[in-house]
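# Descriptive analysis of the structure
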Amino acid sequence: MTEMSAMSRKIIQNLAETLSKQVKHFNKTEAECLIRLFNGLLGEQTDRRVGLGLDRSKFRNILHNTFGMTDDMIMDRVFRAFDKDNDSYISVKEWVEGLAIFLRGTMDEKIKYCFDVYDLNGDGYISREEMFHMLKNSLIRQPTEEDPDEGIKDLVEITLKKMDYDHDSRLSCADFEKAVRDENLLLEAFGTCLPDAKSILAFEQHAFQEPQER
């Protein structure tokens with residue numbers, strides 16, 4: 001083993017130890033595997049500014065190819081949920097923190113994450129307009145005679161009736177949390193933004209396999 005790779009291995013191990021203490025749900029070995037995976041993905045990026053982290057297009061490829069996401073609007077919001085410092089790149093810390101909730105989050109963590117994804121303008125509420133955009137975006141367009149927008153508007157009203165507990169015509173985080181606790185299926189009411197169990201299993205089997213000695 002060269003001196004350089006021994007040094008980088010030590011750096012990765014130290015970083016993994018730090019992150020595994022800061023981030024719930026991953027132990028040191030798992031954090032190390034995720035850092036190695038992150039470094040591998042960075043190596044594939046054409047953008048020269050790789051020091052900043054994963055860019056939007058690389059991250060979207062992962063969401064699409066690994067986790068089967070297809071909705072552009074939602075994928076963009078998931079990127080923003082991971083990119084906590086809003087610098088348009090996902091750092092290694094944001095990668096590990098984001099995946100902790102994405103793959104193994106508690107119900108509390110997932111509720112907050114989904115709410116943040118669906119709150120398109122970040123004002124702390126999911127408005128009628130935001131619901132309309134997301135539902136229009138996620139529903140398969142049927143070639144019917146009637147105006148599909150009318151059907152979506154009806155759906156927004158039905159959703160508000162079910163989830164808007166304080167009757168202010170928008171969903172606060174408290175409304176969203178109460179609705180999801182009453183009916184877990186409402187967690188992803190406005191579009192798929194979490195991976196299914198099969199995708200999680202496949203990702204973890206790939207990410208957490210023993211690294212091959214070179």
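Residues numbered from 1 in each chain as written. Predicted model: local features only at pLDDT ≥ 70, side-chain atom pairs only at ≥ 80, totals over all residues. Heavy atoms only, no water.

When the terminal C-alpha atoms of helix 8 (residues 148–163) are compared, their 23 Å separation across 16 residues agrees well with the 22 Å that a helix rising 1.5 Å per residue should span. Of all the positions in helix 8, only I152, V156, T159, L160 and M163 are classed as buried. Within helix 8, the buried residues cover an arc of 100° as seen down the axis, which keeps them to one side. Turned more than 90 degrees off the buried face of helix 8, the exposed positions are I158 and K161. (Helix = DSSP H or I, 4+ residues; strand = E, 2+ residues; numbered from the N terminus. Expected span 1.5 Å × (residues − 1). Buried < 20%, exposed > 50% of the residue type's maximum accessible area, 1.4 Å probe, protein only. Arc of directions from axis to C-beta.)

Looking now at the UniProt feature "domain: EF-hand" (unreviewed entry) in the chain. Here the UniProt feature "domain: EF-hand" (unreviewed entry) sits at residues 70–105 and 106–141. The span residues 70–105 is 67% helix and 0% strand, and its two end C-alpha atoms sit 22 Å from each other. (UniProt positions renumbered as here; feature names shortened; annotations may be inferred.)

On to the nonpolar core. In terms of nonpolar packing, the biggest core is built from 61 residues, with V78, W95, F102, Y118, F176 and F190 touching the most fellow members. Of all the elements, helix 2 (residues 28–44) adds the most residues to this core, at eight residues. (Core = buried A, V, L, I, M, F, W, Y, C linked by side-chain atoms within 4.5 Å.)

Per the stated rule, a full pass over the model turns up 18 salt bridges. A salt bridge links K21 to E17; its shortest N-O distance comes to 3.5 Å. Of this pair, K21 and E17 both sit in helix 1 (residues 3–22), four residues apart, roughly one helical turn. Two residues, D182 and K178, come together in a salt bridge whose shortest N-O distance is 3.9 Å. Taken together, the residues span about one helical turn, with D182 and K178 both in helix 9 (residues 173–182) at a distance of four residues. You can call D182 exposed: its relative accessible area is 53%. (Salt bridge = Lys/Arg side-chain N within 4 Å of Asp/Glu carboxyl O.)

Here the chain averages 89 in pLDDT, while 87% of its residues score no lower than 70. Confidence, read as mean pLDDT per element, is least for helix 1 in the chain (83) and greatest for strand 1 (residues 125–127) (98). (pLDDT = per-residue confidence, 0-100.)

Positive phi outside glycine occurs at N86, with the angle close to 55°. A positive phi angle is found at S169, which is not glycine, with a value near 65°. Examined against the element boundaries, S169 turns out to sit in the loop between helix 8 and strand 2 (170–172). According to the relative accessible area criterion, S169 is partly exposed, its value standing at 35%.

Another point: the packing of aromatic side chains. For the coordinates displayed, the defined rule picks out eleven aromatic pairs. Between F26 and F208, the ring centres sit 6.0 Å apart and the planes meet at 65°, which makes this aromatic pair edge-to-face. Of the two residues, F26 is situated in the loop between helix 1 and helix 2 and F208 in the segment after helix 10 (197–207); the sequence distance between them amounts to 182 residues. The two residues F26 and F208 agree in class, both being buried. Their ring planes at 85° and their centres at 5.3 Å tell us that Y118 and F190 sit as a pair that is edge-to-face. Of this pair, Y118 sits in helix 6 (residues 107–118) while F190 sits in the loop between helix 9 and helix 10, placing them 72 residues apart in sequence. You can call F190 buried: its relative accessible area is 0%. Clustering of aromatic rings is evident, with ring pairs tying together F59, F67, F79, F82, F102, Y113 and F203. (Phe/Tyr/Trp six-rings, centres within 6.5 Å; stacked < 30°, edge-to-face > 60°.)

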